[in-house]
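# Results of the structural survey
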Amino acid sequence: MSSVPLELPGSVIPRGSEIDAWLKGLVAGLCGLEHDRFPGSQPVSFGTRDLDRLEKQDYWVCEKSDGIRVLFVVLTNPDGSTQLVYIVDRKNEYRQLDGMYFPHWENPARPLGSTIVDAELVIDTDPRTKQTTLRMLCFDCIVADGQNVMDRNLEKRYGRLREHFYKPYSKMMSDHPHMRASQPFDIRVKEINLSYHLEKVFDVDIPKLQHGNDGLIYTPVTTPYVPGTDTNILKWKPPSENSIDFKLVLRFPSLPSRPNQPDLGAKPVFALHVWNGGEGARAQYEPYDVMYVEDEEWEQWKASREQLDDRIVEVHWDNVKEHWRFMRFRDDKLHGNHRKVVEGIIQSIADGVEKDDLLARSTAIKNAWKARHGQPSQSSQPPPHPHSQHPPPSHHPSSHHQQQNPNPYAQGPPPPPLPSKKAPIVAPRVERNYGPLASSPWSKVSGPAVVSGFKR
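Residues numbered from 1 in each chain as written. Predicted model: local features only at pLDDT ≥ 70, side-chain atom pairs only at ≥ 80, totals over all residues. Heavy atoms only, no water.

### A closer look at the overall build of the protein
Across its full length, the protein carries 8 helices and 20 strands. By the burial criterion, 50% of the 456 residues in the protein qualify as buried. If you sum the accessible surface of the protein, you get close to 22600 Å²; carbon and sulfur atoms cover 51% of it. (Helix = DSSP H or I, 4+ residues; strand = E, 2+ residues; numbered from the N terminus. Buried < 20%, exposed > 50% of the residue type's maximum accessible area, 1.4 Å probe, protein only. Areas by Shrake-Rupley, 256 points an atom, 1.4 Å probe, with all protein chains shown as cover.)

### So, the sheet that holds strand S11 (residues 193-194)
As a general point, the strands of a sheet are linked pairwise by backbone hydrogen bonds and lie either parallel or antiparallel. As summarised here, the arrangement of the 5 strands in space is S2-S13-S12-S3-S11, forming an open sheet in which the pairing is mixed. Edge strands, defined here as strands with exactly one partner in the open sheet, are strand S2 (41-45) and S11. Looking at chain direction, strand S12 (residues 213-220) and strand S13 (residues 228-236) are connected through 3 bridges and run antiparallel. Looking across to S13, one finds that Leu216 is bridged to Trp236. Helix-sheet contacts for helix H4 (residues 198-205) involve strand S3 (59-65), S11, S12 and S13, and the interaxial angle to S12 is about 150°. (Pairing = 2+ DSSP bridges. Contact = heavy atoms within 4.5 Å. Axes fitted to C-alpha atoms, helices over the stretch in contact; angles between N-to-C directions.)

### So, the packing of aromatic side chains
The description of an aromatic ring pair rests on the distance of the ring centres and on the angle between the ring planes. Taken as a whole and assessed by the stated rule, the structure comprises 20 aromatic pairs. Centre to centre, the rings of Tyr196 and Trp369 are 5.7 Å apart; their planes meet at 85°, and the pair counts as edge-to-face. Of this pair, Tyr196 sits in the loop between S11 and H4 while Trp369 sits in helix H8 (residues 362-372); the two residues are 173 residues apart in sequence, bridging distant segments of the chain. We classify Tyr196 as buried; its relative accessible area is 12%. Residue classification places Trp369 among the buried positions, given a relative accessible area of 9%. Here Phe270 and Trp298 contribute two aromatic rings whose centre-to-centre distance is 5.5 Å and whose plane-to-plane angle is 75°, an arrangement assigned as edge-to-face. Within this pair, whereas Phe270 is found in strand S15 (residues 269-275), its partner Trp298 is found in helix H5 (residues 295-304), the two being separated by 28 residues in sequence. Note on accessibility: Phe270 and Trp298 belong to one class, buried. (Phe/Tyr/Trp six-rings, centres within 6.5 Å; stacked < 30°, edge-to-face > 60°.)

### Comments concerning the environment of Ser114
Take Ser114: it is sitting in the loop between strand S6 (94-97) and strand S7 (115-125). We classify Ser114 as buried; its relative accessible area is 1%. Separated by 37 residues in sequence, Ser114 and Asn77 place their C-alpha atoms 8.0 Å apart.

### Let's talk about the sheet that holds S15
With mixed pairing, the 5 strands of this closed barrel are ordered in space as S14-S15-S16-S18-S17. Sheet twist, expressed as the mean angle between neighbouring strand axes with direction ignored, is 55°.

### What about the side chain of Arg69?
Take Arg69: it is sitting in strand S4 (residues 68-76). Here Ser41 takes part through its backbone oxygen, which lies 2.7 Å from a polar atom of the side chain of Arg69. Discounting chain neighbours no more than four positions away, the residues touching Arg69 are Phe38, Gly40, Ser41, Gln42, Val88, Asp89, Arg90, Asp118, Ala119, Glu120, Phe139 and Tyr225. (Polar contact = N/O pair within 3.5 Å; in protein donor to acceptor, adjacent residues only side chain to side chain.)

### A word on the environment of His273
Counting through the fold element by element, His273 comes out in strand S15. Classification of His273 as buried rests on a relative accessible area of 12%. Distance from His273 to Asp245, taken between C-alpha atoms, is 9.3 Å for residues 28 residues apart in sequence.

### Description of the confidence of the model for the protein
Predicted confidence across the protein gives a mean pLDDT of 83, with 82% of residues reaching 70 or more. Confidence drops under a pLDDT of 50 for residues 379-456, and excluding neighbours within four residues, the segment shows 146 contacts in the predicted structure. (pLDDT = per-residue confidence, 0-100.)

### As for the pairing of strand S17 (residues 311-318)
The two faces of the sheet receive side chains in turn, since in a regular strand these alternate between them. Of all 8 residues making up S17, 7 are buried, and the element is well covered by its neighbours. As paired strands, S17 and strand S18 (residues 323-329) are joined by 6 bridges and run antiparallel to one another. Directly across from Asp318, in S18, lies its bridge partner His323. As consecutive antiparallel partners, S17 and S18 are separated by 4 residues, and within that stretch Glu322 has a phi angle of approximately 60°, a positive value.

### Structural notes on the nonpolar core
Counting 58 residues, the largest nonpolar core has Phe72, Phe102, Phe165, Ile187, Leu216 and Tyr218 as its most contacted members. Broken down by element, the residue count for this core peaks at 8 residues, all from helix H3 (residues 154-175). With near-sequence residues (within four places) excluded, Phe165 lies in contact with Phe72, Phe102, Leu112, Thr115, Val117, Met136, Cys138, Arg160 and Ile187. Judged by nonpolar contacts, the second largest core, of 22 residues, contains Phe246, Tyr288, Val315 and Phe329. (Core = buried A, V, L, I, M, F, W, Y, C linked by side-chain atoms within 4.5 Å.)

Listed below in structure tokens is the structure:
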């Protein structure tokens, strides 16, 4: 069974409705943003150049789960009379969740104030019983108990995530197990590791996963949370597994007897269009390349009777056969990758880093980290047992509230009626174990920009 949920739980808030506009404005206010777009951060693809960055900066690393990226939003009135819970996908669609309550970290009798958590929804499958569990894995915090913490470093944000959001909720579930039946999913905090504990991630963390893995995420410790593309957050995959999201556009040949009409029974050209920006009717797409589809795949797609045209599709580059290949549809995304992101991913495919190269750099990364923090190098000491590793220490957040932002509930005109509650070290020489991408007259990756007068 796939680890990616087919549908998100909750009741959809109609897009463009009054309550939808009010919610987006409220979340934008909590995040200190001047727009109401999806405020989550997005990583960039990892390349050879980023090996040096891991030596020069403190990074935390975790496995990248194969699931659906979401923001988890808890909205609480200042007087604590109402607490509403929503989940938001990357299409910026809000869904209200019923049956959930989050107690305050200081006093469980009070509700937790407005909080926004960054997370991934996955389906975990128990290998023994085959029982599946919808689970939300939390990895960052944007707003905690009414306070915007985006300008804090990752260590403090992670501390708020654990201490303010997760621990009180987890204790409540432990003290009142009957409440689990009303929860739409289980909640966990994702395990984080120092960047040089990569062997543990590969040998311990990933093998014990009950859902799919999609690579690694490196997040800098000292930088703030950045909405939109954050060039400091690095997404690593083996070069052969790097993928791109395009819009799929089917183009059928014309009927031999009627050249002005498409032959809908024929196999079409599977065009991949790249997003150049814009939203809604102003969204700009243009042809970029084509996707190769086997005849058998095409017959299966036809038999499924699913809509194929005009959907976001994730593809990877087949370096042997020199074409793009289908991976999955991304109905959780409103748009494909932006052209600038696509160019960056293609660069990562051509200039990617293999797993062995990444592991070979771990000792240099560890020694550089220790040198920055005035600690002696331990490269000559045996590494600790993988099971003894713990997430980086988190400072307990201050309990003072003088710096909290005013609660947006108290700002501006009253909202529409609420829905019901419901060290210097010389790095090892990196050697690639693969050759350059072969040229292809039909591929933007390495082929010519223009073919038969048409831009590719």
